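# Reading the structure
Here is what each chain is made of, one letter per residue.
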Amino acid sequence: MLTVTEAARIHLAQVLDNANASADAAVRFVAEDDTIKPTLDSIRSGDVRFEYAGKTILALDEQMALTLVDHILDVDDDSNRPQLLLLQA
């Protein structure tokens, strides 16, 4: 299963707050042109969910959850604009 660091959870919660996302929205990873990209989307039945402070901040469909097994989601906050990092465990 994907491991999501505390820093990544906080970052995703901030992304949702800054986007004024609805309560049923979360960040979702989608495959696009051989790249995995984050997007805002509705939480769906059957999603693997990751929470922070009682709110779902990341939702993965079954296929993406399988793709990201043995990965770590972290944040590179060394720059002025923090970036998500998806690392092989």
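Residues numbered from 1 in each chain as written. Predicted model: local features only at pLDDT ≥ 70, side-chain atom pairs only at ≥ 80, totals over all residues. Heavy atoms only, no water.

A few words now on the overall build of the chain. When helices and strands are tallied, the chain shows two helices and seven strands. Taken over the C-alpha trace, the chain has a radius of gyration of 12 Å; the compact-globule value for 89 residues is 12 Å, and the two agree within 12%. C-alpha atoms of the chain, sized along the principal axes, occupy 30 × 30 × 25 Å. Here the chain holds 89 residues, and 28% of them are scored as buried. Across the chain, every contact between residues at least 6 apart in sequence was considered, and the portion connecting residues at least 24 apart equals 50%. For the chain, the accessible area works out to roughly 5,600 Å², and carbon and sulfur atoms hold 46% of it. (Helix = DSSP H or I, 4+ residues; strand = E, 2+ residues; numbered from the N terminus. Rg over C-alpha atoms; globule rule 2.2 N^0.38 Å. Buried < 20%, exposed > 50% of the residue type's maximum accessible area, 1.4 Å probe, protein only. Contact = heavy atoms within 4.5 Å. Areas by Shrake-Rupley, 256 points an atom, 1.4 Å probe, with all protein chains shown as cover.)

Before going further, it helps to examine the sheet that holds strand β6 (residues 71-76). An order of β1-β6-β7 is seen for the three strands of this open sheet, with the pairing classed as mixed. Bordering the open sheet on either side are β1 (3-4) and β7 (83-88), each of which pairs with just one other strand. Direction of pairing for β6 relative to β7: antiparallel, over a ladder of six bridges. Each bridged residue has a counterpart across the sheet, and for Val-75 the counterpart in β7 is Leu-84. Strand contacts of helix α1 (residues 6-18): β1, β6 and β7, with the helix running at about 65° to β6, the strand carrying the most contacts. (Pairing = 2+ DSSP bridges. Axes fitted to C-alpha atoms, helices over the stretch in contact; angles between N-to-C directions.)

Time to look at the pattern of salt bridges. By the definition in use, this model includes four salt bridges. We note a salt bridge from Glu-32 to Lys-37, for which the minimum N-O separation is 3.2 Å. Exposure remark for Lys-37: the relative accessible area of 34% places this residue in the partly exposed category. Note that Asp-41 and Arg-44 form a salt bridge whose closest N and O atoms lie 2.4 Å from each other. Among the residues examined, Asp-41 registers a relative accessible area of 22% and is labelled partly exposed. (Salt bridge = Lys/Arg side-chain N within 4 Å of Asp/Glu carboxyl O.)

Taking 1.5 Å of rise per residue, 13 residues should cover 18 Å, and α1 covers 18 Å from first to last C-alpha, within 8% of that figure. Within α1 the residues assigned to the buried category are Ala-8, His-11, Leu-12, Ala-13 and Leu-16. Positioned one or two residues after α1, Asn-20 has a phi angle of 50°, which is positive. (Expected span 1.5 Å × (residues − 1).)

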